[in-house]
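Fold and contact review
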Amino acid sequence: MERLELIVVQLEEAKGMIAKGRVPNLRLAYLLIDSVTELILHRTVQTELQYQGMLKKLLLGYRQNAAWGIPVDAEEVASIEAQIVDDSDLKGIDRNFDAKVGLLVRRNLLDEALGPVLEKLHKYRNEMYHRDKQRPEIIRLATLIYFDSACTVLESYRQMIITYPADLGSEICRFTEGRRPGFGGAADLPKKIAAQLRREVGLDLPQVRSALAAYLGARLDRMVDGLEFIEDNLGGRSLVRGDALRLVQANLATNPTLEQVRGRRYPHSKADLEQWRTRIAALESIEDKHALVSEYAAIEDSFEPLEEKITDAVFQVDCEVQSQIDFARGK
């Protein structure tokens, strides 16, 4: 029970930070949610893989019997082989968040649709923690989504060890009504806690759909505006619509001519911008929350590399324009 209490306290603290609502509080809530999600994943993986040593010895015994001509059950051997994880994969699972998610999805302990959601949300955590990128426009929404997803992960949590310390805190006691549940009750407690916490924090799916679509749409608008800015302010009148999209993707270190730039193929074209617009609009029709966030993640991942190139190019062109203005003013 004290192992479960560690999880509950973190989620309760995150809930309090969400209620405060300011970006610094939401950032802290997000980091807490990510931490507790990985803790739950880690413990669930430990439980799932606790018999690896025994399975390997059993498989070795079957193979020795087969080598000696002793009949073995082929289906039993195949079942054991399917449960064994290579040592190199075990190391990756132990160290990597996405690898933990992948294992639990493959073993049907997590819904397949939840996998991309958790991977995207953990990627946001890494941005916050390592690169100081907060995404203030959607940090509250992302935190609510992650809290809801953490509750979903908690529903699949299996407790390998259940102990009852004398001083359980109020955070978990409110879910047990002050009593020590029996083994069956303790096993069901994670689902009960997850359901109640989800109700208390809440996730308005129509609001999520609209906010995610608006966020991606605004970024796509800025990309289009950025390309027009480049064409309007670079190269005099020599650039036409579509040139900027080529230029930001071209290898300009080789000093290609404009005609050479126009004659080459690039990863993205105007058709991609139009396709992203269509996919963003289609978010409003997705009813499943995990499918919604997965498609949001797929759209963002597909256009973000180009977005970064456009942002960098706009900054460079803007600096050049300002330099010319300052020079004309004698500064």
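Every chain is numbered on its own, with residues counted from 1 as its sequence reads. Totals for whole chains, interfaces and linings use all residues, but because this is a predicted model, local features are given only for residues with pLDDT of at least 70 and pairs of side-chain atoms are given and counted only at 80 or more. Each side-chain value is worked out from all heavy atoms of the structure, with water and hydrogens disregarded.

A closer look at the overall build of the chain
For clarity, the cut-off: The helix count covers DSSP runs of H or I at least four residues long, the strand count covers runs of E at least two residues long, and both are numbered beginning at the N terminus. Atoms counted for the radius of gyration: C-alpha only. Globule rule: 2.2 Å times residue count to the power 0.38. Contact criterion: two residues are considered in contact whenever any of their non-hydrogen atoms come within 4.5 Å of each other.
Assigned secondary structure in the chain consists of 15 helices and zero strands. On C-alpha atoms alone, the chain measures out to a radius of gyration of 26 Å, which is more than a quarter above the 20 Å that the 2.2 N^0.38 rule sets for 331 residues. In terms of overall dimensions, the chain has C-alpha extents of about 80 × 60 × 40 Å along its principal axes. For the chain, contacts bridging at least 24 residues in sequence account for 72% of all contacts bridging at least 6.

Brief notes about the confidence of the model for the chain
Rules: The predictor attaches a confidence to each residue, called pLDDT, with possible values from 0 through 100.
Of the residues in the chain, 93% have a pLDDT of 70 or more, and the chain-wide mean is 89. Highest mean pLDDT in the chain belongs to helix α14 (residues 270-282) (97); lowest belongs to helix α9 (residues 170-176) (78).

Concerning unusual backbone geometry
Defined as follows: For each residue, the accessible area found with a 1.4 Å probe, counting protein chains only, is set against the maximum for its type, and the residue is called buried under 20%, exposed over 50%, and partly exposed in between.
With a phi close to 60 degrees, N108 is a non-glycine residue in the positive phi region. With respect to the element layout, N108 can be found in the loop between α6 (97-106) and α7 (114-131). In this structure N108 comes out as exposed when scored by relative accessible area, which is 68%. Phi at D132 takes a positive value of approximately 60 degrees, unusual for a residue other than glycine. Following the sequence through the fold, D132 ends up in the loop between α7 and α8 (139-155). For D132, a relative accessible area of 58% translates into the label exposed.

So, the nonpolar core
Selection rule: As used here, the term nonpolar core means buried Ala, Val, Leu, Ile, Met, Phe, Trp, Tyr and Cys residues forming a set that is joined through side-chain atoms within 4.5 Å.
If you look at the biggest cluster of nonpolar residues, it comprises 79 residues, and the most contacted ones within it are L4 and L154. Examining the composition of this core, we find that eleven residues originate from one element, α8, more than from any other.

Quick look at the pattern of salt bridges
For side chains bearing opposite charge, pairing can occur when the charged atoms are close. The condition that has to hold: One side-chain nitrogen of Lys or Arg within 4 Å of one carboxyl oxygen of Asp or Glu is enough to make a salt bridge.
In the structure shown here, the tally under the stated rule is 30 salt bridges. Ionic pairing is found between E200 and R174, a salt bridge with its closest N-O pair at 2.8 Å. Of this pair, E200 sits in helix α10 (residues 183-201) while R174 is found in helix α9, placing the two residues 26 residues apart along the sequence. Looking at R174, the relative accessible area reads 35%, which means it is partly exposed. R262 is the partner of E259 in a salt bridge, and the nearest nitrogen-oxygen pair spans 3.0 Å. Of the two residues, E259 and R262 both sit in helix α13 (residues 258-263), three residues apart, roughly one turn of that helix. Residue E259 is classed as exposed on the basis of its relative accessible area of 55%. Judged by relative accessible area, R262 falls into the partly exposed class, the value being 27%. Salt bridges linked by common partners bring K120, K123, E127, K133, R135, R219, E300, D301, E304 and E307 together as one network.

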